[in-house]
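As a plain string of letters, each chain reads:
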Amino acid sequence: MPYRQKTDEILSPELIRILKIFGLVSIGLVFILSFFNTKRANNTGDDLTFRMSSSSRLYFLNVRAIRYDRETRSDAGMLLFRHESRTVSKTDPLLNLVLIFNSRKDEAYLYLEPVNMDWPLELRVIHEGETQDILLENGNNTQFLAQVRQLEPWIKADADFEVKVDSAWVSIWDDPKEREALQATLGDYFRLINGRE
């Protein structure tokens, strides 16, 4: 009859010590690596500032887009979204915030669209007795994003906005519905590009 080893002989003290060391090192390594961020360096040279993720784009198109008027620009391959609560007028000066989808590059942009006025725009912000003048100029996507980020704290603080038209200051964004539309558009845009810092 063959000789059977006892379980004590298989797990010798040296083997138990090796298993303990290996187990502790493995757990320690997993614990240490869990502190590193999963984002990888972008070595492609592509600017990912305006890139939309597929999930955020689908969420916007299926859930949030019903609150927007959609315009298709097939010549440029872009979709323009204007919030339905914005003020619409054929004569009054307005400043619309427009979401633009570039489907060719899978990117989203913000555009400040002047209605019944021309660039450059002089805006005056009035909040709690303080007044600040801001000059807005027509530019590229990065410049528009910088201008919107400059206006965003004032929009959230419910400041009063005026725009200069022919040496007269005209109030804009004074309707509460329009302010809600501005904040909703900003929230939707930053969710699209995962750009809340």
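Remember, predicted model here, so these are calculated numbers, not experimental data.

J.: Would you explain the environment of Leu192 in this entry?
T.: Inspection of the secondary structure assignment puts Leu192 in helix H5 (residues 176-192). Sequence spacing of Leu192 and Leu58 is 134 residues, and the spatial spacing of their C-alpha atoms is 9.4 Å. Discounting residues that sit within four places of it in the chain, Leu192 has contacts with Arg51, Met52, Ser53, Ser56, Arg57, Phe60, Phe101 and Ala108.

J.: Any chance you could explain the pattern of salt bridges here in plain terms?
T.: One side chain can pair with another of opposite charge once the charged atoms of both are near each other. The final tally for this structure, using the stated rule, is 11 salt bridges. In this structure, the salt-bridge partner of Arg64 is Asp188, at a minimum N-O distance of 2.8 Å. With Arg64 in helix H3 (residues 54-64) and Asp188 in helix H5, this pair connects stretches of sequence that are 124 residues apart. On the basis of relative accessibility, which here comes to 3%, the residue Asp188 falls in the buried class. The closest approach of N and O atoms between Asp188 and Arg191, which form a salt bridge, is 3.3 Å. Taken together, the positions of Asp188 and Arg191, both in helix H5 and 3 residues apart, correspond to about one turn of that helix. When its relative accessible area of 43% is taken as the criterion, Arg191 is described as partly exposed. It is possible to trace a salt-bridge network through shared partners that takes in Arg64, Asp188 and Arg191.

Cut-off values and rules
Residues numbered from 1 in each chain as written. Predicted model: local features only at pLDDT ≥ 70, side-chain atom pairs only at ≥ 80, totals over all residues. Heavy atoms only, no water. Helix = DSSP H or I, 4+ residues; strand = E, 2+ residues; numbered from the N terminus. Contact = heavy atoms within 4.5 Å. Salt bridge = Lys/Arg side-chain N within 4 Å of Asp/Glu carboxyl O. Buried < 20%, exposed > 50% of the residue type's maximum accessible area, 1.4 Å probe, protein only.

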